[in-house]
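Structural overview for review
Here is what each chain is made of, one letter per residue.
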Amino acid sequence: MDPALLKEREAFKKRAMATPTVEKKPKVEKTFVAPKDDRQQKKIRPPTAPKLDATTYKTMAGSSQYRFGVLAKIVKHMRTRHQDGDDHPLTLDEILDETNQLDVGQSVKNWLGTEALMNNPKIEASPDGQRFSYKPVYKIKDGKSLLRLLKQHDLKGLGGILLEDVQESLPHCEKVLKNRASEIIFIVRPIDKKKILFYNDRTANFTVDEEFQKLWRSATVDAMDDAKIDEYLEKQGIRSMQDHGPKKQVPKRKKLANKKRQFKKPRDNEHLADVLETYEDNTLTMKGVNPT
């Protein structure tokens with residue numbers, strides 16, 4: 001072999017040994033294998049909830065919120081149709097048809113027909129329990145029946161009627177109140193700002209002198225109680241009001257009846273009654289007589 005090539009080969013090896021080199025090793029991914037245990041697997045698995053479907057939700061027997069939602073929709077619909085003038089009774093199927101609730105389950109339908117609608121204060125059932133209608137606060141149908149009811153309240157001293165009760169009971173309420181506005185008095189209650197209806201009794205209308213009106217409006221007794229009013233009247237020399245108003249009743253003491261004491265004869269000596277009488281007679285006759 002050529003000696004020149006051998007020298008070059010040796011020189012190449014020396015250079016290769018002198019230069020450092022770095023090897024890139026492939027990365028090994030470590031995977032953790034959990035021990036096979038049934039308890040740990042049950043804990044790790046998330047609970048799976050059953051899927052709810054529209055049909056299954058409608059037929060859930062224990063959903064009380066759904067039941068009362070169906071009932072509330074029925075009562076609201078019956079009130080609306082009563083206010084519109086439709087007061088004829090309907091069967092349960094007709095009610096469910098008009099409220100678009102024909103897809104309710106059989107258990108809900110049985111609950112509505114036997115318990116919910118029968119015991120609801122706003123629903124009136126027929127004697128056979130097959131038909132239902134709305135039950136308003138007052139049974140009034142037109143303006144004449146409304147005025148008759150207001151007159152009865154006025155004569156009996158029952159006061160007025162809430163406007164919201166009239167709106168609930170009277171069909172086409174706004175139209176009737178507009179036509180009868182001259183025969184009805186509207187007063188706003190200051191406590192809750194609700195409107196009260198009173199009968200406008202025109203026979204009680206009279207004119208009041210202006211001077212009396214000024215005196216009436218100048219006397220403010222809203223923030224005064226009965227004791228302060230009595231004190232003010234007494235200072236002004238007015239004592240005629242003392243006889244009016246509620247009087248304090250003082251409880252009367254019960255007097256003990258004076259019963260005469262009766263001497264009770266001894267019952268044990270009834271068999272000696274004759275002997276005692278002769279003895280009393282002898283003592284009376286012997287008084288004042290000297291035994292000698």
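Just so it is clear, the structure is predicted and the values come from calculations on it, not from any experiment.

The rules we used
- Residues numbered from 1 in each chain as written.
- Predicted model: local features only at pLDDT ≥ 70, side-chain atom pairs only at ≥ 80, totals over all residues.
- Heavy atoms only, no water.
- Helix = DSSP H or I, 4+ residues; strand = E, 2+ residues; numbered from the N terminus.
- Buried < 20%, exposed > 50% of the residue type's maximum accessible area, 1.4 Å probe, protein only.
- Contact = heavy atoms within 4.5 Å.
- Areas by Shrake-Rupley, 256 points an atom, 1.4 Å probe, with all protein chains shown as cover.
- Pairing = 2+ DSSP bridges.
- Axes fitted to C-alpha atoms, helices over the stretch in contact; angles between N-to-C directions.
- Patch = residues over 30% accessible without salt bridge, like charges linked within 9 Å, V, L, I, M, F, W, Y side chains within 5 Å.
- Salt bridge = Lys/Arg side-chain N within 4 Å of Asp/Glu carboxyl O.
- Lys, Arg positive; Asp, Glu negative; His and termini not counted.
- Charge placed at Lys NZ, Arg CZ, Asp CG, Glu CD.
- Core = buried A, V, L, I, M, F, W, Y, C linked by side-chain atoms within 4.5 Å.
- Parallel < 35°, antiparallel > 145°, perpendicular 65-115°, else oblique.
- Left-handed = near helix turned anticlockwise from the far one by under 90°.

**Considerations on the overall build of the protein**
- Secondary structure summary: the protein contains 12 helices and six strands in total.
- For the protein, the proportion of its 292 residues judged to be buried stands at 19%.
- Counting only contacts in the protein whose residues sit at least 6 apart along the sequence, the fraction spanning at least 24 positions is 56%.
- Carbon together with sulfur atoms contributes 54% to the accessible area of the protein, which is approximately 26,300 Å² in total.

**Looking at the sheet that holds strand β3 (residues 131-134)**
- Read across the open sheet, the three strands follow the order β1-β3-β2; overall the sheet is antiparallel. Unpaired on one side and paired on the other, β1 (90-91) and β2 (123-125) mark the two borders of the sheet.
- Where β1 meets β3, two bridges bridge the pair, whose relative direction is antiparallel. Bridging across to β3, L90 finds its partner in F132.
- Contacts from helix α4 (residues 64-83) reach β1, β2 and β3 within the one sheet, and its direction differs from that of β3 by about 65°.

**Things to note about the sheet that holds strand β4 (residues 161-162)**
- Taken together, three strands build an open sheet; the order of strands is β4-β6-β5 and the sheet is antiparallel. Two strands close off the open sheet at either side, each with one partner strand: β4 and β5 (184-188).
- Sheet topology note: the β4/strand β6 (residues 195-199) ladder contains two bridges and is antiparallel. In the strand pairing of β6, I161 is matched with L197.

**Details of a nonpolar patch on the surface**
- There is a patch of nonpolar side chains on the surface, built from F206, V208, F212 and W216 and spanning about 520 Å² of accessible area.
- Its place among the elements puts F206 in the loop between β6 and α10 (210-218).

**Comments concerning a negative patch on the surface**
- On the surface, D84, D86, D87, D97 and E98 cluster together into a patch of negative charge.
- Along the chain, the position of E98 falls in helix α5 (residues 92-98).
- By relative accessible area, which is 40% here, E98 ends up partly exposed.

**Considering the nonpolar core**
- Core analysis: the largest hydrophobic core is formed by 19 residues, its most contacted members being L71, I74, L112 and L117.
- Judged by nonpolar contacts, the second largest core, of 14 residues, contains I140, L170, V176 and I184.

**Brief notes about the packing of α4 against helix α6 (residues 106-119)**
- In contact at an axis separation of 11 Å, α4 and α6 are set at 60° when each is read in the N-to-C sense. Regarding the angle of α4 to α6, the classification is oblique. Crossing geometry of α4 relative to α6 is assigned as right-handed. Along the contact surface, α4 presents Y66, R67, F68, V70, L71 and I74, while α6 presents S107, V108, W111, L112, A116 and L117.

**Quick look at the pattern of salt bridges**
- This model, assessed by the stated rule, comprises seven salt bridges.
- In this structure, the salt-bridge partner of R131 is E94, at a minimum N-O distance of 3.9 Å. With a gap of 37 residues between them, R131 in strand β3 and E94 in helix α5 connect regions that are remote in the sequence.
- Linking E231 and K235 is a salt bridge whose minimum nitrogen-to-oxygen distance equals 3.8 Å. Residue E231 and its partner K235 are located together in helix α11 (residues 226-235), separated by four residues, close to a single helical turn.

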